[in-house]
Amino acid sequence: GFSGRTLSTKDEAKYINSAESSVYKKGREAYGLFEAKEAIKKLGQVVLVEGNVDVLACSQLGVQNVVAPLGTSLTEAQVKLLKRYASDLVLMFDGDDAGQKAALRAVEICFAADCHPRVVILPRDKDPGALLLDKGAHLALQTLIKNAVDAMEWIFQAFVNRATSQPRAKAQALRGLVQWIRRHPDALERAEYQKKAAQMFD
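Since the model is a prediction, treat every value here as computed from it, not as a measurement. (Residues numbered from 1 in each chain as written. Predicted model: local features only at pLDDT ≥ 70, side-chain atom pairs only at ≥ 80, totals over all residues. Heavy atoms only, no water.)

J.: Lay out the packing of helix H7 (residues 151-162) against helix H8 (residues 167-183) in plain terms, naming residues and giving numbers.
T.: Contact geometry for H7 and H8: axes closest at 8 Å, N-to-C directions at 165 degrees. With respect to each other, H7 and H8 are oriented roughly antiparallel. Of the two elements, H7 crosses H8, and the hand of that crossing is right-handed. Mapping the contact onto sequence places Met-152, Ile-155, Phe-156, Phe-159 and Arg-162 in H7 and Ala-169, Ala-173, Gly-176, Leu-177, Trp-180 and Ile-181 in H8. Within the contact of H7 with H8, the residues separate by chemical class into 9 nonpolar, 1 polar and 1 charged. (Axes fitted to C-alpha atoms, helices over the stretch in contact; angles between N-to-C directions. Helix = DSSP H or I, 4+ residues; strand = E, 2+ residues; numbered from the N terminus. Parallel < 35°, antiparallel > 145°, perpendicular 65-115°, else oblique. Left-handed = near helix turned anticlockwise from the far one by under 90°. Contact = heavy atoms within 4.5 Å. Nonpolar A, V, L, I, M, F, W, Y, C, P; charged D, E, K, R; others polar.)

J.: Can you explain the pairing of strand E3 (residues 45-48)? Please cite residues and give values.
T.: Going residue by residue along E3, you find Gln-45 and Val-47 tucked away on one face and Val-46 and Leu-48 tucked away on the opposite face as well. Of the pairings in the sheet, the one linking E3 to strand E5 (residues 88-93) comprises 4 bridges and is parallel in character. The residue bridging Val-47 from the neighbouring strand is Val-90, located in E5. In this sheet, strand E4 (residues 66-67) lies alongside E3 in parallel orientation, the contact comprising 2 bridges. Its bridge partner being in E4, Val-47 is matched across the sheet by Val-66. Handedness of the crossover is the feature at issue here: the chain leaves E3, passes through helix H2 (residues 52-60), returns alongside E4, and the resulting connection is right-handed. (Buried < 20%, exposed > 50% of the residue type's maximum accessible area, 1.4 Å probe, protein only. Pairing = 2+ DSSP bridges. Right-handed = clockwise from strand over helix to strand, strands pointing away.)

Pasting the structure below:
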């Protein structure tokens, strides 16, 4: 199977994939996995980015344990595939609003696949390709990955930031957070997060 990224801004499709067959199903594969699998096994960690070019940029910055979906949204099958190679899954998405929304969708897919990932959100309006132009980008990227936070902690902070002293806003934030806690794949951690939510929201 083939997966490519168009370079022309005139093309309607951003990603081009081979037609699916009994052999090639893009929702079950990960771009760059063949090249990255030895580094993933060695480090016990896989870094998932948004697209093909992000994989290439990370590789140029010295991060070899990196893959991407094949020009599509992340699937449960892809998460389960990556879990076979490493227990530590790090989601690294662009720093814009679209990147944060994509990260939330990816966390939801991971939870459904019985996986609790960690999350890196790049600086606003940055992607791995843009980081290539920055001085000291290699070290900066390694540090960001090292400091990735548990997805549920990241979600907690997002909902706490939405809450204000107004009862309605506080209630809405808590309702949203409770929905995420219910999705968490681990029963013991769910119980701990319920306690944490009760304390943080008084």
